[in-house]
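Listed below, chain by chain, are the residues.
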Amino acid sequence: MLQVEKSQIEKLKSSIEGRIILPEDVDYDKARTIWNAMIDRKPAIIVQCGSAEDVPPAIHFAKEKGLELSVRGGGHHIAGNSIVDNGLTIDFSMMRKVKVDPQKKRATVEPGATLGDFDKATQVHGLATPTGINSTTGIAGLTLGGGFGWLTRQYGLTIDNLVSADIVTADGEQLTLSKTQNTDLFWAIRGGGGNFGVITRFEFELYDIGTKTFGGLIVFPFEQVRKVLNRYREFAKSAPLELNVWIVVRHAPPLPFLPEEIHNKMVVVLPVFYNGDLRKGENLVNYLRKFGNPLGEHVGRQPYVQWQQAFDPLLTPGARNYWKSHNFTEISDGLIDAIIKFAGTMPTLQTEIFLGMLSGVANEVPVEATAYAARDAKFVVNVHGRWVEPIEDQKCVSWAREFFEATRSYASGGAYVNFMTEDEKDRISAAYSSNYQRLMELKTKYDPDNLFHMNQNIKPQN
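Residues numbered from 1 in each chain as written. Predicted model: local features only at pLDDT ≥ 70, side-chain atom pairs only at ≥ 80, totals over all residues. Heavy atoms only, no water.

Draft legend 1. Looking closely at the nonpolar core. If you look at the biggest cluster of nonpolar residues, it comprises 123 residues, and the most contacted ones within it are V109, I189, Y232, I247, L270 and I353. If we ignore the near neighbours within four places in the chain, the residues touching I247 are V228, L229, Y232, V268, V269, L270, P271, I353, F354 and L355. Counting residues in each nonpolar core, the second largest holds 25 residues, with L12, A58, F92 and A170 among its members. (Core = buried A, V, L, I, M, F, W, Y, C linked by side-chain atoms within 4.5 Å. Buried < 20%, exposed > 50% of the residue type's maximum accessible area, 1.4 Å probe, protein only. Contact = heavy atoms within 4.5 Å.)

Here's what the structure looks like:
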């Protein structure tokens, strides 16, 4: 472990509102633990910021001491980029406030906030914006990589609803970014990840959706998987934007509405979300039921906040996780064949294959409008390997990689950086496509020494 003189640590402590956590502190292990249990890194210093003013001193300290630097929002990223070995981690876990202006329909969000924090604050006013599907996900990392969820078909990606942000650059300068201020950096952070600085504030546009939504889960037997996928493919071509339906193939969790004999058996699940007229939603769900012969369902009116937490029990921290994903412009026969084949060899009870529907407003945004370039993606397929024991690492990682290779030829060639693991650096240029050159130029301008490289890294030009 790198040793830093005590006097230098004290000097840093005196310059910030938050706190410093060192390896000898009793809460060090808790502070360095993140969602993916495969990541076990030990920072030399953790700076838990109390305000945005703590970020420049932390950056200057890291640069002065030659420490690698990472930034932790929610600590949920699959690659574990938020924590660094033997370096300095800027930790925003003390900065989780969400302020809502219901008249302007705007939410101002600190970088340590989770989706649960965000939903809790906005839903007091019946407001929301597109975010993810797991309430413990950090709003910062989700947003910087693009961000999608149940409302995406209707209102676009999370970045499409980002109004402004505050950033601290590699030289410690604090800037406000928007469509009228520092527009080049505002363009870059909307999909460019944490490559350009440390975001200390987000401002989002909000939409009236009320406090209740309609939807739930419809579960079919795995034997009907091909029939369900084929019908889903046809239905998706004309599904209204108010409706979002995903496909999840996995072993059945012990859900109370499923017969006990189905628990731990392979099933096909339709998570259904509808944000519109209730009668129309009920008619659509009736149609979805006819995709096969359901084993059980839990569908109806429920609080939006409750729905946003529905998948939390399947994504709790402490498990080992490895993902591989592709974007798709269509669901081909080859993709369906691969899903069925690999579902039959799924390595653990917690592992799943999910197919998410993105088609809608996000496809209408020009590729060059934001750094996020995958505007042609209508679906994303993520194989979510999840297990507990390290002895299963090779088996689970190999299975996910084999699925990835088997589906490559049917994919669009793009990528979603929030789903990319640490070993996928060769896909970064493909993820940004025609925007990659501009991103490299901006990286060279704002971070020529690549201080912010604990991410899906866009390297400065030589």
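Draft legend 2. Molecular detail of the packing of aromatic side chains. Inspection of the entire model under this criterion finds 24 aromatic pairs. Between the aromatic rings of W150 and W307, the centroid separation amounts to 5.3 Å while the plane-to-plane angle is 55°, which identifies the pairing as tilted. You can see W150 sitting in the loop between helix 5 (139-145) and helix 6 (152-155) and its partner W307 sitting in helix 10 (residues 304-308), a full 157 residues away along the chain. Residue W150 shares its accessibility class with W307, and that shared class is buried. Between the aromatic rings of W150 and F311, the centroid separation amounts to 6.2 Å while the plane-to-plane angle is 25°, which identifies the pairing as stacked. Of the two residues, W150 is situated in the loop between helix 5 and helix 6 and F311 in the loop between helix 10 and strand 17 (320-328); the sequence distance between them amounts to 161 residues. Of the two residues examined, W150 and F311, each falls in the buried class. (Phe/Tyr/Trp six-rings, centres within 6.5 Å; stacked < 30°, edge-to-face > 60°. Helix = DSSP H or I, 4+ residues; strand = E, 2+ residues; numbered from the N terminus.)

Draft legend 3. Representation of the side chain of N457. Looking at where N457 falls in the secondary structure, it is placed in the segment after helix 14 (436-446). Among the residues examined, N457 registers a relative accessible area of 9% and is labelled buried. At 2.7 Å, the side chain of N457 and the side chain of N450 are in polar contact. Sequence-distant contacts of N457, defined by excluding residues within four places in its chain, comprise N195, I428, K443, N450 and F452. (Polar contact = N/O pair within 3.5 Å; in protein donor to acceptor, adjacent residues only side chain to side chain.)

Draft legend 4. Broad picture of the sheet that holds strand 3 (residues 69-72). With respect to topology, four strands assemble into an open sheet ordered 1-2-4-3, the strand pairing being mixed. Every interior strand has two partners, whereas the edge strands, strand 1 (19-21) and strand 3, have only one. If you compare each strand with its neighbour and ignore which way they point, the axes differ by 20° on average. Sheet analysis places strand 2 (residues 45-48) next to strand 4 (residues 88-91), joined by four bridges and oriented parallel. The residue bridging I45 from the neighbouring strand is L88, located in strand 4. Contacts from helix 3 (residues 55-65) reach strand 2, strand 3 and strand 4, with the element oriented near 170° to strand 4. (Pairing = 2+ DSSP bridges. Axes fitted to C-alpha atoms, helices over the stretch in contact; angles between N-to-C directions.)

Draft legend 5. Spatial organisation of the sheet that holds strand 8 (residues 162-168). Read from one edge to the other, the open sheet built from five strands follows the order 5-6-10-8-9, with strand pairing classed as antiparallel. At either end of the open sheet lies a strand with only one pairing partner, and these are strand 5 (98-101) and strand 9 (174-178). This sheet shows a mean twist of 15° between the axes of neighbouring strands, independent of strand direction. Here strand 6 (residues 106-109) runs beside strand 10 (residues 198-205); their pairing, made up of four bridges, is antiparallel. Its bridge partner being in strand 10, A107 is matched across the sheet by F204. Against the sheet, helix 4 (residues 115-123) contacts strand 5, strand 6 and strand 10, and its axis sits at roughly 30° relative to strand 5.

Draft legend 6. Main features of the pattern of salt bridges. The tally for this structure, following the rule as stated, stands at 25 salt bridges. A salt bridge links R375 to D160, with the shortest nitrogen-to-oxygen separation between them at 2.8 Å. Within this pair, whereas R375 is found in the loop between strand 18 (352-357) and strand 19 (379-387), its partner D160 is found in the loop between helix 6 and strand 8, the two being separated by 215 residues in sequence. Residue D160 is classed as partly exposed on the basis of its relative accessible area of 23%. Of the charged contacts in the structure, one is a salt bridge between E352 and R250, with a shortest N-O distance of 3.0 Å. (Salt bridge = Lys/Arg side-chain N within 4 Å of Asp/Glu carboxyl O.)

Draft legend 7. Up close: the packing of helix 11 (residues 333-343) against helix 12 (residues 393-407). Remark: helix 11 packs on helix 12, axes separated minimally by 9 Å, with the N-to-C direction vectors making an angle of 160°. One element, helix 11, and the other, helix 12, form an angle in the roughly antiparallel class. Once helix 11 is placed against helix 12, the crossing between them reads as right-handed. In this structure, helix 11 uses L335, A338, I339 and F342 to contact helix 12, whose residues at the interface are W399, E402, F403, A406 and T407. For the contact of helix 11 with helix 12, the class distribution of residues is seven nonpolar, one polar and one charged. (Parallel < 35°, antiparallel > 145°, perpendicular 65-115°, else oblique. Left-handed = near helix turned anticlockwise from the far one by under 90°. Nonpolar A, V, L, I, M, F, W, Y, C, P; charged D, E, K, R; others polar.)

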